[in-house]
Amino acid sequence: MSAIQPTREEDYPEWYQQVIKSAELAENSDVRGCMVIRPWGYAIWENMQRVLDRMFKETGHENAYFPLFIPISFLQKEAEHVEGFAKECAVVTHHRLEPGPDGKLRPAGELDEPLIVRPTSETIIGATYARWVQSYRDLPILINQWANVVRWEMRTRLFLRTTEFLWQEGHTAHADEQEAREETDRMLGVYADFAENYMAMPVIPGEKTAGERFPGAVNTLSIEAMMQDRKALQAGTSHFLGQNFSRAQKIQFQDKNGQEVFAWTTSWGVSTRLVGALIMTHSDDDGLVLPPRLAPKHVVLLPIYRNDQEKSQVLEYCQSLRQELMQVSFAGDPLRVLLDDRDLRGGDKTWQHIKKGVPIRVEIGPRDIASQSVFVGRRDRGPKEKSSLPRAEFVATVAELLQSIQQNLLDQARAFRAEHTRSISDLDEFIEFFTPRNEAQPEIHGGFAYCHFQDCEEMHQVLQKLKVTPRCIPREEHPDGKCIFSGRPTSLRAMFAKAY
RNA sequence: CGGGGUGUAGCGCAGCCUGGUUAGCGCGUUUGACUGGGGGUCAAAAGGUCGCAGGUUCAAAUCCUGUCACCCCGACCA
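Residues numbered from 1 in each chain as written. Chains lettered and ligands numbered in written order. Predicted model: local features only at pLDDT ≥ 70, side-chain atom pairs only at ≥ 80, totals over all residues. Heavy atoms only, no water.

(A) Highlighting the overall build of chain A. Within chain A one finds 14 helices and 27 strands. Taken over C-alpha atoms, the radius of gyration comes to 26 Å for chain A, in line with the 23 Å a tight globule of 500 residues would show. Considered along the principal axes of its C-alpha atoms, chain A spans approximately 80 × 65 × 60 Å. A sequence separation of at least 24 residues applies to 70% of the contacts in chain A between residues at least 6 apart. Accessible surface, chain A: about 23100 Å² in total, of which carbon and sulfur atoms supply 48%. For chain A, the separation between the mean place of its 60 positive charges and that of its 71 negative charges on side chains is 3 Å. (Helix = DSSP H or I, 4+ residues; strand = E, 2+ residues; numbered from the N terminus. Rg over C-alpha atoms; globule rule 2.2 N^0.38 Å. Contact = heavy atoms within 4.5 Å. Areas by Shrake-Rupley, 256 points an atom, 1.4 Å probe, with all protein chains shown as cover. Lys, Arg positive; Asp, Glu negative; His and termini not counted. Charge placed at Lys NZ, Arg CZ, Asp CG, Glu CD.)

Below is the structure:
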């Protein structure tokens, strides 16, 4: 019997909800579509922020903060952008509340110009940059902002798609196209690096097809990850905006030749959706599994005792072990150690930490103290697969142990993705690959398929029926081929999948 | 916004069709005892304006009308 009911096999979407609930990551709030991120979930996000923020700074970026509200006229300026975002914005039309005739509060003080709550900040940041840029000497501008944004989505799911979500958005302006394109690539590289080396989540970096582009972008790059239901999740995006936004926002300057020209801009972002990606990449039927590098706690110490005398003895041993472990460093940080001395039954407590995904559990009782040892279980192995080892050895090797868990999770995720990825050149095989075997569980289907394609009517018909989309066009060398849908020769090759 | 469904204890549900004393059950919570390295056992206790408003009736969780909220399926999406 697994700790999470139902299992992934039985009902994947419900399993996902239960993992979140059992691990106390987040819950639905009193506000439709908005979540409460609980301390354990927020700590994961904070760890993500800390690492990413360092990476952004290492690549020359600075943090700044721009307003939550955007005048409605700003959104209007870029035609495609309007098209893409206008439908899903929260709009502020009043600035006061006053009691109505029935005693209930009602909005008052109508605004001359409605404000929208930012769904993304290209327009307001662009308008600001326009004031900052007069000369080529003012460029590049390399700024990131950590913020919350609001998109009034029809259907929400914890972490994956919520009405309000937390993210970072980088916005840069450059003097020439080449530099802006390099920036777009560089930041996608940062995301891919973060995904693989911190989240232990292999990703496919690539370019979006025209239909999947960010509204207003010339080109959108993304990293795509495979979840355990074999669907693709877009885990990060980096947009080359060309001069579209600088034209709309009038970000112009005099270049070296004294010519008045428009800047070239980019934007890139990742969100709390990454927490959802983390959950669906590694977790199992006993709950959350965390890669050590992002785990709020690396090690939990679980004292075991029967009476007060044993209790004080065991707690003392745990305290000293905790002090010792905190001197150890892992991936550049001091070890994060939790001593769980809550007055709870032993098994109960152990299972809570299993469900929360703590990488290493250490059970310590009178027996271990007598032998100067510890009883260790790792989250990437079965719950009863525990072993005793000398205390000194554990302390000396715990960092290696964490690294091996980190590596193991990445290897497992890579193996899973490889197992469900195919190169397909035959349309029947493509259709078979993406047709669920069981109508009741449409999530069980093929996985990722690499195929040559050409944006054609035949393609749209097939994809719409199967609910499959081209996720991205990986930048890799491959011979030309024939479009799997139309048979026409093409040089384009994309990764196709069902997506979140 | 279209189609379907659900609102009863902290959570998950039964009861409603065929109105009738103090509205049940499981989990959880609290207390006590026995326990204790796979979430244990027993006993006791606390906890509910049956989503909200109106109507029918001697009597409404149950029937009727309205309303609100949430969930699922579609169109939209990081």
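From this point on, the discussion continues.
(B) Geometry of the pattern of salt bridges. In the structure shown here, the tally under the stated rule is 25 salt bridges. Residue Arg 471 pairs with Glu 224 through a salt bridge whose shortest N-O separation is 3.3 Å. Of the two residues, Arg 471 sits in strand S24 (residues 469–474) while Glu 224 sits in strand S10 (residues 219–226), which places them 247 residues apart along the sequence. Residue classification places Arg 471 among the buried positions, given a relative accessible area of 5%. Linked by salt bridges that have partners in common, Lys 208, Glu 212, Glu 224 and Arg 471 make up one network. (Salt bridge = Lys/Arg side-chain N within 4 Å of Asp/Glu carboxyl O. Buried < 20%, exposed > 50% of the residue type's maximum accessible area, 1.4 Å probe, protein only.)

(C) Focus on the sheet that holds strand S5 (residues 91–99). One open sheet accounts for three strands, arranged S4-S6-S5; its pairing is antiparallel. Strands at the two margins of the open sheet, each flanked by one partner only, are strand S4 (69–71) and S5. Shown here is a sheet whose adjacent strand axes are inclined to one another by a mean of 45°, direction ignored. As paired strands, S5 and strand S6 (residues 105–117) are joined by seven bridges and run antiparallel to one another. Pairing of Val 91 across the sheet is with Ile 116, part of S6. (Pairing = 2+ DSSP bridges. Axes fitted to C-alpha atoms, helices over the stretch in contact; angles between N-to-C directions.)

(D) Up close: the protein's contact with RNA strand B. Taken together, the neighbourhood of RNA strand B is formed by 30 residues, with Arg 161, Gln 234, Lys 355, Asp 368 and Lys 384 sitting nearest. Within the side chain of Ser 271, an N or O atom sits 3.2 Å from a base nitrogen of RNA strand B. In the environment of RNA strand B, a sugar or linking oxygen lies 3.3 Å from a nitrogen or oxygen atom belonging to the side chain of Asp 348. If you tally residues by element for the surface near RNA strand B, the top one is helix H10 (residues 346–356), at four residues. Partitioning the surface near RNA strand B into residue classes produces eight nonpolar, five polar and 17 charged. (Near = heavy atom within 4 Å. Polar contact = N/O pair within 3.5 Å; in protein donor to acceptor, adjacent residues only side chain to side chain. Nonpolar A, V, L, I, M, F, W, Y, C, P; charged D, E, K, R; others polar.)

(E) The environment of Ile 116, seen in detail. Here Ile 116 is to be found in strand S6. You can call Ile 116 buried: its relative accessible area is 2%. For Ile 116 and Ser 2, which are 114 residues apart along the polypeptide, the C-alpha to C-alpha distance reads 46 Å. Those residues in contact with Ile 116 that sit more than four places away from it in its chain are Leu 68, Phe 69, Ile 70, Ile 72, Leu 75, Cys 89, Ala 90 and Val 91.

(F) How the structure looks around the pairing of strand S19 (residues 360–364). In terms of residue burial, S19 counts as a mostly covered element, since five of its five residues are buried. Bridge analysis of strand S15 (residues 299–303) against S19 gives five bridges, and the strand direction is parallel. Along S19, the bridge assignment pairs Leu 302 with Glu 363. One ladder, built from four bridges, connects S19 with strand S20 (residues 373–378); its direction is antiparallel.

(G) How the structure looks around helix H8 (residues 273–282). Burial analysis of H8 places 10 of its 10 residues in the buried class, the great majority of the element. Along H8, the residues that are buried comprise Arg 273, Leu 274, Val 275, Gly 276, Ala 277, Leu 278, Ile 279, Met 280, Thr 281 and His 282.

(H) Structural view of the nonpolar core. Ranked by size, the top nonpolar core spans 55 residues in total, and within it Met 48, Phe 159 and Phe 194 carry the most contacts. Breaking this core down by element, the ones donating at least two residues are helix H1 (12–22), helix H2 (39–58), helix H6 (177–197), S10, strand S11 (232–242), strand S14 (264–271), H8 and S15. With eight residues, H2 is the largest single contributor of residues to this core. Apart from residues lying up to four places away in sequence, Phe 159 is in contact with Tyr 16, Ile 20, Leu 25, Ala 26, Met 35, Thr 272, Arg 273, Val 275, Gly 276 and Ile 279. Counting residues in hydrophobic clusters, the runner-up holds 29 residues, among them Val 289, Leu 321, Val 376 and Val 398. (Core = buried A, V, L, I, M, F, W, Y, C linked by side-chain atoms within 4.5 Å.)

(I) Examining the packing of helix H13 (residues 427–434) against helix H14 (residues 457–466) more closely. Here H13 crosses H14 at 20°, and the two axes come no closer than 10 Å. Relative to H14, H13 is oriented roughly parallel. Along this stretch, H13 crosses H14, giving a crossing that reads as right-handed. Here Leu 427, Phe 430, Ile 431 and Phe 434 of H13 lie close against H14, whose contacting residues are Val 462, Leu 463 and Leu 466. When the residues that make up the contact of H13 with H14 are grouped by side-chain class, the tally is seven nonpolar, no polar and no charged. (Parallel < 35°, antiparallel > 145°, perpendicular 65-115°, else oblique. Left-handed = near helix turned anticlockwise from the far one by under 90°.)

(J) Representation of the packing of H2 against H8. Look at H2 against H8: their axes get within 10 Å of each other, and the N-to-C directions meet at 110°. Comparing their axes, H8 and H2 come out roughly perpendicular. H8 is crossed by H2, and the crossing has right-handed handedness. Contact with H2, carried on its side by Ile 44, Trp 45, Met 48 and Leu 52, involves Leu 274, Val 275 and Leu 278 of H8 and no other residues of that element. Its residues placed into classes, the contact of H2 with H8 shows seven nonpolar, no polar and no charged.

(K) Molecular detail of the environment of Met 55. By secondary structure assignment, the location of Met 55 is in helix H2. Given a relative accessible area of 7%, Met 55 falls into the buried group. In this structure, Met 55 is in contact with Val 190, Asp 193, Phe 194 and Tyr 198, ignoring residues within four places of it in sequence.

(L) Structural context of H13. Phe 430, Phe 433 and Phe 434 are the residues of H13 that are buried. Down the axis, H13 shows its buried residues gathered within 85° of arc, on one side only. Those residues of H13 that are exposed and aimed more than 90 degrees away from the buried face are Asp 428 and Glu 432. In the core, the buried residues of H13 are packed alongside strand S22 (421–423), strand S23 (448–452), H14 and strand S27 (493–497). The distance from a side-chain oxygen at the start of H13 to the backbone nitrogen of Asp 428 is 3.3 Å, and the residue carrying that oxygen is Asp 426. (Arc of directions from axis to C-beta.)

Geometric descriptors of this kind do not, in isolation, establish any biological role.
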